[in-house]
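Structural features, examined
Each chain, letter by letter, is given below.
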Amino acid sequence: MTKKSIKCRVNGVNREYFVDVRSSLMDLLRGPAGLDSIKHGCDVGECGACTVLINGRPFNSYIYLAVWAEGKEIVTLEGVTNPDGSLSDIQQAFVDEGAVQCGICTPGFIMASIPIINQETPSTREEIRRQISGNLCRCTGYQKIVDAIEKTQKKRIAEKKKG
Amino acid sequence: MYDFNALYEANTLQEALELKATYPHALLLAGGSDILIKLRDGKYTGCDLISIYTLDELRGVELLDDGTIVIKPLTSFTDVAQNPILLKYVPTLCEAVEQIGAPQVRNIGTIGGNICNGVTSADSATTLKAYDAMLVIESQKGKRILPYLEFNLGPGKVDLKEDEILTAITISKESYNATYGHYIKYAKRKAMDIATLGCSVNVTLSGDKSKIERLRIAFGVAAPIPVRGINTEKETQGHPVNAELLNLIRERVLDDVTPRDSWRASKEFRLHLIQELAVRATREAIIKGGGSIDD
């Protein structure tokens, strides 16, 4: 068994981990990093429950070797929550719109929605659906998830305009 | 935890070539969206891997002085889809890779991995074949250049020797200049699905847009490997742009394909799709090229 030291930035903090080279990024994050918002879903890159941001883009953390995280900037749902522990706008929107039922898909959906809500121009609902097409939800029927993302995106664009 | 044996990480292309020569049986790991999933299935249990994923020198798209487009093999589908050079000269390729999987898959999946896997359904393969892409293949012994048309040897088998690595995919200016293409993927879902059938067509029209100067057509899942419609292409050369052209294509494409039954679709349905998608993609390509066509 070969182990290797990995330096990366996780949720804004520089970290160093000593991992088995056979680990996936999900193994590292749920294990030594203790970030259990990431869910172990389908194992094959279809359900999106293990989605995290790597250098700003959504990736399935299970289909990614931990050693590839060297030098990368990784954000999980724990890094989306406000520093004081309160819910961020997108998390609150998921609550308000009823976009959470059993909740297992929610962290992945929120991570996949981050690039959408940070866009400069509004997306159509069809575009939002396309961007969350790598995430599965068996409870909500997606409408309320799209509502939450659309609402947060509109709010952020309006706030940016105000300056 | 993945059940492989050793992981060799290459930090430069030179190192990757050395590793491939030293461990010829090791699998080359690009984005891993196929290999890691097969590992989980137990298909490659105990294998050795050579990771090239972090080699940024094999990432990106360049335009050479003679107009040749060079696509480095580790370029992700997301980066292919958004690349300004490709959007300007070969937008059909961008549109094709936009239909792969979902954002997470397009971020990790690489265009080189897509074609080196050698599957007939690869969404980038049909368009690269239709544009006569060339492959640059390197080993420690040297470099060879191979037409992509000759690369697929059978299902999942490609002309890549154990010590070789694909280092570039190129498209010549002659191949894309004044040429307009269209790709259609037929699948049951809009996302996260494998093509039941894929068809990529590109046309070069005469100056007055009345004739076909060159038509190239390629299919995915219409044969064991991605194939070009050679008979159709020959017969449509110089043909006037009219309804008869579409009828000719509808007939001729059947000579170019050998689809099979699978759980996704029957052979008969695939033959129907081949005819219909060929006609629809041709019509769209002609319209993009400034021509007009009625049925």
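Note that this is a predicted model, so its numbers are computed, not measured. (Residues numbered from 1 in each chain as written. Chains lettered and ligands numbered in written order. Predicted model: local features only at pLDDT ≥ 70, side-chain atom pairs only at ≥ 80, totals over all residues.)

1. Some details on the packing of helix α11 (residues 243–252) of chain B against helix α12 (residues 267–288) of chain B
Residues and elements named next belong to chain B. What counts, and what does not: Only the stretch in contact is used when fitting a helix axis, every axis being a line fitted to C-alpha atoms; angles between N-to-C directions are given from 0 to 180 degrees. Here a strand is any run of E in DSSP of at least two residues, a helix any run of H or I of at least four, and the numbering for each starts at the N terminus. What makes a crossing left-handed is the near helix being turned counterclockwise from the far one by less than a right angle; a clockwise turn instead makes it right-handed. Any two residues are considered in contact once their C-beta atoms, placed from the backbone, lie within 7 Å. Note on residue classes: Ala, Val, Leu, Ile, Met, Phe, Trp, Tyr, Cys and Pro are nonpolar, Asp, Glu, Lys and Arg are charged, and everything else, Gly too, is polar.
At a minimum axis separation of 8 Å, α11 and α12 run at an interaxial angle of 145°. By crossing handedness, the relation of α11 to α12 is classed as right-handed. Taking contact as the criterion, the partners of Leu246, Ile249 and Arg250 in α11 are, on α12, Gln275, Ala278, Val279, Thr282 and Arg283. Across the contact of α11 with α12, the residue classes break down as 4 nonpolar, 2 polar and 2 charged.

2. Quick word on the domain arrangement of chain A
Residue and element names in this part refer to chain A. Let me state the cut-off plainly: Start and end points for every domain follow an automatic or database-based domain assignment.
Taken as a whole, chain A is organised into domain 1 (3–76) and domain 2 (89–162). Its C-alpha centre places domain 1 at a distance of 22 Å from the equivalent point of domain 2. On the domain 2 side, the residues contacting the 14 residues of domain 1 number 11 residues. Secondary-structure elements contributing two or more residues to the side of domain 1 that touches domain 2 are β3 (51–54) and β4 (57–60). Take the side of domain 1 that touches domain 2: its biggest share by element is 3 residues, from β3. Across the side of domain 1 that touches domain 2, the residue classes break down as 7 nonpolar, 4 polar and 3 charged.

3. Quick look at the sheet that holds strand β1 (residues 7–9) of chain B
All names here are of chain B. Here is the rule we go by: Here the rule is simple: two strands pair whenever DSSP picks up at least two bridges between them.
Taken together, the 3 strands give an open sheet; going across it, the order is β1-β3-β2, and neighbouring strands pair in parallel fashion. Both edges of this open sheet fall to β1 and β2 (27–29), since each of them pairs with a single strand only. Taking each pair of neighbouring strands and ignoring which way they run, the sheet shows an average axis angle of 25°.

4. Side note on helix α4 (residues 106–117) of chain A
Residues and elements named next belong to chain A. This is how the line gets drawn: Any helix carries an expected span of 1.5 Å times its number of residues minus one. To assign burial, the other C-beta atoms lying within 10 Å of each residue's own C-beta are counted, with C-beta atoms placed from the backbone; 20 or more indicates buried, 12 or fewer indicates exposed, and intermediate counts indicate partly exposed.
Over its 12 residues, α4 extends 15 Å from the first C-alpha to the last, a length consistent with the 16 Å expected when each residue adds 1.5 Å. Where burial is concerned, most of α4 is hidden: 11 out of the 12 residues are buried. Listing the buried residues of α4 in full gives Thr106, Pro107, Gly108, Phe109, Ile110, Met111, Ala112, Ser113, Ile114, Ile116 and Ile117.

5. With respect to the confidence of the model for chain B
Note the threshold: Residue-level confidence of the predictor is summarised by pLDDT, bounded by 0 at the bottom and 100 at the top.
Across chain B, pLDDT averages 97, with 100% of residues at or above 70. Across the whole predicted complex the pTM is 0.97, and at the interface the ipTM reaches 0.97.

6. Regarding the domain arrangement of chain B
When the parts of a complex come together, some accessible area is lost, and that lost area is often taken as the interface size. Residue and element names in this part refer to chain B. Under the domain assignment used here, chain B contains domain 1 (7–51), domain 2 (59–174) and domain 3 (180–288). Look at where the C-alpha atoms of domain 2 and domain 3 centre, and you get two points 20 Å apart. Contacts between domain 2 and domain 3 engage 20 residues on the former and 24 residues on the latter. Contributing elements (two or more residues each) for the side of domain 2 that touches domain 3: α5 (91–97), α8 (123–130) and β8 (152–154). Taken together, the residues that form the side of domain 2 that touches domain 3 break down as 8 nonpolar, 9 polar and 3 charged.

7. Structural notes on the interface of chain A and chain B
Of the residues lining the interface, 25 residues belong to chain A; the matching set on chain B comes to 22 residues. The dominant element in the side of chain A that touches chain B, judged by the number of residues it contributes, is β4(A), at 4 residues. Tallied by class, residues from the side of chain A that touches chain B come to 10 nonpolar, 9 polar and 6 charged.

8. Here we look at unusual backbone geometry
Residues and elements named next belong to chain B. Although it is not a glycine, Asp132 adopts a positive phi angle of roughly 50°. By secondary structure assignment, the location of Asp132 is in the loop between α8 and β6 (134–139). Note on Asp132: 19 C-beta atoms within 10 Å, which makes it partly exposed. Its identity is not glycine, yet Met192 carries a phi of approximately 50°, on the positive side. Within the secondary structure layout, Met192 lies in the loop between β11 (180–186) and β12 (197–205).

9. Focus on the packing of helix α3 (residues 89–97) of chain A against helix α6 (residues 143–162) of chain A
Residue and element names in this part refer to chain A. Selection rule: Roughly parallel means an angle under 35 degrees; roughly antiparallel, over 145; roughly perpendicular, 65 to 115; everything else is oblique.
The geometry of α3 relative to α6 is characterised by a closest axis approach of 9 Å and an angle of 140° between their N-to-C directions. As summarised for this structure, α3 and α6 are arranged oblique, according to the angle between their axes. In the packing of α3 onto α6, the handedness of the crossing is right-handed. Contacts between α3 and α6 pair Asp89, Ile90, Ala93, Phe94 and Glu97 from the former with Lys144, Asp147, Ala148, Lys151, Thr152 and Lys155 from the latter.

10. Notes on the nonpolar core
All names here are of chain B. The test is simple: The nonpolar core criterion groups buried Ala, Val, Leu, Ile, Met, Phe, Trp, Tyr and Cys residues into a set whenever they are joined through C-beta atoms within 7 Å.
Membership of the largest hydrophobic core comes to 138 residues, with the highest contact counts inside it found for Ile50, Ile52, Leu197, Val201, Ile274, Leu277 and Ala278. Of all the elements, α12 adds the most residues to this core, at 8 residues. Leave out the neighbours within four places in its chain, and Ala278 touches Cys199, Val201, Ile217, Ile249 and Val253.

11. Re the environment of B:Ser175
Residues and elements named next belong to chain B. Mapped onto the elements, Ser175 comes out in helix α9 (residues 173–176). On the neighbour-count criterion, Ser175 (22 C-beta atoms within 10 Å) is buried. In sequence terms Ser175 and Thr204 are 29 residues apart; their C-alpha atoms lie 9.4 Å from each other. Excluding residues that lie within four positions of it along the chain, Ser175 makes contacts with Tyr131 and Asp132.

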